Amino acid sequence: AQAPLDVQRVRLRMEGTLTMVQPAPASDFPLEKISAAFKQTRMIMLSIAATLPVYALIVEILRRSLASSPPMSNPGMLRITFFVLGGVFIFTATVIKSVLLRTPPLTPDARLARLRGASIVTAAFAEGPAVLGLALFLITRNRGDFYILLVVAAYLLVRHLPRQAAWELYVRRGGDTR
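Everything quoted here is computed from the prediction, not taken from an experiment.

**Q** Sorry, what's going on with the packing of aromatic side chains here?
**A** Describing an aromatic ring pair means giving the distance of the ring centres and the angle of the ring planes. Applying the stated criterion across every chain yields a total of three aromatic pairs. Consider the rings of Phe38 and Trp167, whose centres lie 5.5 Å apart with planes at 85°: the pair is edge-to-face. Note that Phe38 is positioned in helix 2 (residues 31-49) and Trp167 in helix 7 (residues 164-173), a separation of 129 residues in sequence. Pair check on accessibility: Phe38 and Trp167 agree, each one buried. A ring pair is formed by Phe146 and Tyr147, whose centres lie 4.9 Å apart and whose planes are at 70°; its orientation type is edge-to-face. Tyr147 gets classed as partly exposed once you look at its relative accessible area, which sits at 27%.

**Q** Just to check I follow, could you spell out the pattern of salt bridges for this structure?
**A** Opposite charge on two side chains permits them to pair, given that their charged atoms come into close proximity. If you walk through the whole model with that rule in mind, you get five salt bridges. Its salt-bridge partner being Arg63, residue Glu60 comes within 3.1 Å of it at the nearest N-O pair. Separated by three residues within a single helix, Glu60 and Arg63 lie in helix 3 (residues 51-65), roughly one turn from each other. We note a salt bridge from Glu60 to Arg143, for which the minimum N-O separation is 2.8 Å. With Glu60 in helix 3 and Arg143 in helix 6 (residues 143-159), this pair connects stretches of sequence that are 83 residues apart. The network of salt bridges with shared partners includes Glu60, Arg63, Arg64 and Arg143.

**Q** For this particular structure, what's the right way to read a nonpolar patch on the surface?
**A** Residues Met77, Ile80, Val84, Leu85 and Val88 make up a contiguous nonpolar surface patch of roughly 470 Å² in combined accessible area. If you trace the backbone, Val88 turns up in helix 4 (residues 76-102).

Calculation criteria
Residues numbered from 1 in each chain as written. Predicted model: local features only at pLDDT ≥ 70, side-chain atom pairs only at ≥ 80, totals over all residues. Heavy atoms only, no water. Phe/Tyr/Trp six-rings, centres within 6.5 Å; stacked < 30°, edge-to-face > 60°. Helix = DSSP H or I, 4+ residues; strand = E, 2+ residues; numbered from the N terminus. Buried < 20%, exposed > 50% of the residue type's maximum accessible area, 1.4 Å probe, protein only. Salt bridge = Lys/Arg side-chain N within 4 Å of Asp/Glu carboxyl O. Patch = residues over 30% accessible without salt bridge, like charges linked within 9 Å, V, L, I, M, F, W, Y side chains within 5 Å. Areas by Shrake-Rupley, 256 points an atom, 1.4 Å probe, with all protein chains shown as cover.

Structural data, given as structure tokens:
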């Protein structure tokens, strides 16, 4: 009995005789397993997205309760810094996902785990601009800046929502998820 193709490739890689290893196709990998992992990951991402309206509620409650406190005068450089940091979150969320998924692992189970991790990490980075907006509001009392960064975070979360067809392609073929 001969070992499966992906096991042979791992063995050859460990012996140093195979230089370029491609992930083995796994067309028989159970769709139920992919679907279950996809649903769990999507639920985690939606939980992260559910924090955005909570941030907006916090801002509105604080705006009403702190109506008598004066806003920060001339927050120009601070605003620029926070918006640049928001841009860094946009860039990082996109780059991290592509870097994590660039080289697919050899086994379908490992590819599925990599997809889950990449999706959750990307969602966490996508939430970053909203957190920056909340911090900026707390410092400057300018809710317009908060809402701009909140919309950026919402866009990033929607942009990076996982698609089940892309997951199936990545897990079964080791292909790109774009």
